[in-house]
Amino acid sequence: MNETPIIQADTIERYNRVFGFETRHPQVGIVRFDSSVPPLTHRMTFGFYALFLKKTANCRIDYGKTVYDFDDETVVSFGPGQTVGIHQPEEGPAPDSIGLLFHPDFLHRTPLGAKMKHYSFFSYASNEALHLSTEERILIQDYMEKIARELQHPIDKFSKALIVSNIEVLLNYCMRFYERQFITREEINHDTLARFERLLDDYLDSDAALLHGIPTVRYFADKICLSPNYFGDLVKQQTGKTAQEYIQLKMIAEAKERMLDPARNIKQIAESLGFQHPQHFVRFFKRQEGCTPTEFRTRAV
């Protein structure tokens, strides 16, 4: 059993506090690791998307139930709810990397928000880094630097559009590199967390919730052929969250995305997520987010 405590970095500000970085924007940031940042061996659960361009490889990354395969001049990426173990030796060269952090809420009401599931390198099913040529590394770093420069400016009505646009171009380049690198790679089927994540995404994307109701831990444990208790312990050990909490986080993210569609009313959204009664969905949403679905919708306009 890994006894290293899990740091819950639910927000970018909390992440920055751990390493002493300045927070220029609460929902997006560029961070830089070099010799000025003390080495820290830790496990961390991300509440946002994180993509790091690594220039050195003097650390080991435990990702899901496997070790992340990476070297220097590579990109490693993590998604919301995923837990990563970082092991940095006290001797040897200091890790040198630049990272892009962005919260899913930053992408609400943008075309990129609806496309994030297509960037499969954020999934637990992918534990290989993107290996880059020198030219590719320069290209990726250039877009991170553009975002960093934009964050130096006072926020105005153009800020979000410019930042989101640069993030999307950067992710599209990464997707090109990913598909080139792994075009012959067989899908990893043995990783339990990866299978759980795919099954949960499929459940919420299909009509399964209308047929079977709210997704349950037992449903996914049965699909993966594990007892609910064992499955729950495995998820808790690897992510720091219970399987039920993990499911609820996904449901909230889906609910937020669907509420941004004015053609859907609250009752339709509730039913699409498996709730038989809209008031149960309203209570669930308020318990998780501190506001009702209608209040969230009003604020998002």
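Residues numbered from 1 in each chain as written. Predicted model: local features only at pLDDT ≥ 70, side-chain atom pairs only at ≥ 80, totals over all residues. Heavy atoms only, no water.

**Student:** Before we move on, could you go through the sheet that holds strand E4 (residues 49-54) and cite the residues and values that matter?
**Tutor:** Backbone hydrogen bonds hold the strands of a sheet together, and the pairing may be parallel or antiparallel. On the basis of which strands lie adjacent, the open sheet formed by five strands has the order E2-E9-E4-E7-E10 and antiparallel pairing. Looking at strand neighbours, the two that pair on one side only are strand E2 (28-33) and strand E10 (130-131), the edges of this open sheet. Lying on the sheet, helix H1 (residues 12-19) is in contact with E2, E4 and strand E9 (97-102); it crosses E2 at an angle near 20°. Contacting E2, E4, strand E7 (74-78), E9 and E10, helix H3 (residues 134-152) crosses the sheet at an angle of about 125° to E2. (Pairing = 2+ DSSP bridges. Helix = DSSP H or I, 4+ residues; strand = E, 2+ residues; numbered from the N terminus. Contact = heavy atoms within 4.5 Å. Axes fitted to C-alpha atoms, helices over the stretch in contact; angles between N-to-C directions.)

**Student:** Break down the environment of Ser206 for me, citing the residues and quoting the values.
**Tutor:** Summarising the element assignment, Ser206 is placed in the loop between helix H5 (192-205) and helix H6 (208-212). With 66 residues separating them along the chain, Ser206 and Ser272 place their C-alpha atoms 9.0 Å apart. Engagement of the side chain of Ser206 in a polar contact is seen with the backbone oxygen of Tyr203, the distance being 3.3 Å. Separated by 3.2 Å, the side chain of Ser206 and the backbone nitrogen of Ala208 make a polar contact. (Polar contact = N/O pair within 3.5 Å; in protein donor to acceptor, adjacent residues only side chain to side chain.)

**Student:** An account of the packing of aromatic side chains is needed here, citing residue identities and associated values.
**Tutor:** As enumerated under the stated definition, the model contains 27 aromatic pairs in all. Ring centres of Tyr49 and Phe102 lie 5.1 Å apart, and the angle between their planes is 20°; this geometry places the pair in the stacked category. Of this pair, Tyr49 sits in strand E4 while Phe102 sits in strand E9; the two residues are 53 residues apart in sequence, bridging distant segments of the chain. Of the two residues, Tyr49 and Phe102, both sit in the buried class. Centroid distance Phe196 to Tyr246: 5.4 Å. Interplanar angle 40°. Geometry classified as tilted. Residue Phe196 is located in helix H5, and its partner Tyr246 is located in helix H9 (residues 243-259); the two are separated by 50 residues in the primary sequence. (Phe/Tyr/Trp six-rings, centres within 6.5 Å; stacked < 30°, edge-to-face > 60°. Buried < 20%, exposed > 50% of the residue type's maximum accessible area, 1.4 Å probe, protein only.)

**Student:** Break down the nonpolar core for me, with residues and values.
**Tutor:** By size, the foremost hydrophobic cluster in this structure holds 33 residues, and its most contacted members are Phe102, Ile167 and Leu171. Those elements giving two or more residues to this core turn out to be E2, E4, E9, H3 and helix H4 (159-181). By residue number, the principal contributor to this core is H4, which donates nine residues. Membership of the second largest hydrophobic core comes to 32 residues, among which are Ala208, Val217, Phe231 and Leu234. (Core = buried A, V, L, I, M, F, W, Y, C linked by side-chain atoms within 4.5 Å.)

**Student:** Give me H3: which residues, what numbers.
**Tutor:** Its 19 residues give H3 an end-to-end C-alpha distance of 27 Å, which sits within 8% of 27 Å, the value for a rise of 1.5 Å per residue. Along H3, the residues classified as buried are Glu136, Arg137, Ile140, Gln141, Tyr143, Met144, Glu145, Ile147, Ala148, Glu150 and Leu151. (Expected span 1.5 Å × (residues − 1).)

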